[in-house]
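Breakdown of the fold
Residue strings, one per chain:
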Amino acid sequence: MPTFSPLIDRALVVSATAHRNQVRKGSQVPYVIHPVHVALLLIRHQFPDEVIIAALLHDVVEDTSITLAELQAEFGEEVARLVAAVSEQKTEGTEPLPWKVRKEAQLRKLGHADRHIAAIKTADALHNLQATLCDLKRRGPQVWTHFRASQSEQLWYYRSLHEVLSQRLGDHPLLTELSDALAALQEQAP
């Protein structure tokens, strides 16, 4: 794999620019650190450039004004397909959808995911779990107040996600890392 890819660099610029005014929940850490970590996990496991690019952009359609059409025009149909597959529908019309409704819909959609989609979502969940575990060590249980769902709902979602993703990825090392992070988080539960 080449050490520099202009398209990956462009995706990083788009992601950093799109997320420039966002921070991670309960912190002042720039949000872009999350898609960068997701991409790094996938680079470590030697996924192709389209998967890395989609990882860098995986939250821009969901959380910014960038559209799938814009991503497709700049990065191609495959990147847009991958981003669409891991993006949640957060509203119906102008009404926000409840957290659990969104998560259930995402789990159903991921049940039909290909290996690349499953890898992006696994890396996404893995980084989120790792960040939550770090936050729990630093700040304790108050971390859960920054989420739209309770600790038990979060655990339900990650267990369900793990189950769906294990059917798509099998014994891939990313899934093993996700299993370990989920087990560590479950140990923190009262």
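The rules behind these values
Residues numbered from 1 in each chain as written. Predicted model: local features only at pLDDT ≥ 70, side-chain atom pairs only at ≥ 80, totals over all residues. Heavy atoms only, no water. Helix = DSSP H or I, 4+ residues; strand = E, 2+ residues; numbered from the N terminus. Rg over C-alpha atoms; globule rule 2.2 N^0.38 Å. Buried < 20%, exposed > 50% of the residue type's maximum accessible area, 1.4 Å probe, protein only. Contact = heavy atoms within 4.5 Å. Lys, Arg positive; Asp, Glu negative; His and termini not counted. Charge placed at Lys NZ, Arg CZ, Asp CG, Glu CD. Expected span 1.5 Å × (residues − 1). Phe/Tyr/Trp six-rings, centres within 6.5 Å; stacked < 30°, edge-to-face > 60°. Lys NZ or Arg CZ within 6 Å of the ring centre and 35° of its normal.

A few points about the overall build of the protein
Secondary structure assignment for the protein yields ten helices and two strands. Mapped from its N terminus to its C terminus, the protein presents α and β elements in the order α-α-α-α-α-α-β-β-α-α-α-α. Scaling as 2.2 N^0.38, a compact globule of 190 residues should have a C-alpha radius of gyration of about 16 Å, and the protein matches this with 16 Å. Across its three principal axes, the protein shows a C-alpha extent of roughly 45 × 40 × 30 Å. The proportion of buried residues among the 190 residues of the protein is 46%. Expressed as a percentage of contacts within the protein between residues at least 6 apart in sequence, the contacts between residues at least 24 apart total 71%. Taking the 20 positively charged and 23 negatively charged side chains of the protein as two groups, their mean positions are separated by 5 Å.

Quick look at the environment of Leu182
Inspection of the secondary structure puts Leu182 in helix α10 (residues 173-188). Each C-alpha atom, one on Leu182 and one on Leu155, is 8.1 Å from the other, the two residues being 27 residues apart in sequence. Dropping the residues within four chain positions of it, Leu182 is found in contact with Leu129, Leu155, Tyr158, Arg159 and His162.

Some words on helix α9 (residues 151-169)
The terminal C-alpha atoms of α9 lie 26 Å apart, and with 19 residues this matches the ideal 27 Å at 1.5 Å per residue to within 8%. On the buried face of α9, the contacting elements are α7 (99-110), α8 (115-139) and α10. One or two residues past the end of α9 sits Gly170, with phi positive at roughly 65°.

Considering unusual backbone geometry
Excluding glycine, a negative phi dihedral is what most residues carry, and trans is how most peptide bonds are arranged. For Gln46, which is not glycine, the phi torsion reads 60° and is therefore positive. Within the secondary structure layout, Gln46 lies in the loop between α2 (33-44) and α3 (49-57).

Quick notes on the packing of aromatic side chains
Scanning all chains against the criterion turns up five aromatic pairs. Seen in terms of ring centroids, Trp99 and Trp156 are 6.2 Å apart; in terms of plane orientation they differ by 65°. Their pairing is edge-to-face. With a gap of 57 residues between them, Trp99 in helix α7 and Trp156 in helix α9 connect regions that are remote in the sequence. For Trp99, a relative accessible area of 12% gives the class buried. Consider the rings of Trp144 and Phe147, whose centres lie 5.7 Å apart with planes at 45°: the pair is tilted. Judged by its relative accessible area of 11%, Trp144 is buried. An aromatic cluster is defined as three or more aromatic residues linked by ring pairs; in this entry it consists of Trp99, Trp156, Tyr157 and Tyr158. We note Lys103 situated over the ring of Tyr157; from NZ or CZ to the ring centre the distance is 4.8 Å.

Such coordinate-based values are descriptive only and should not be taken to indicate function.
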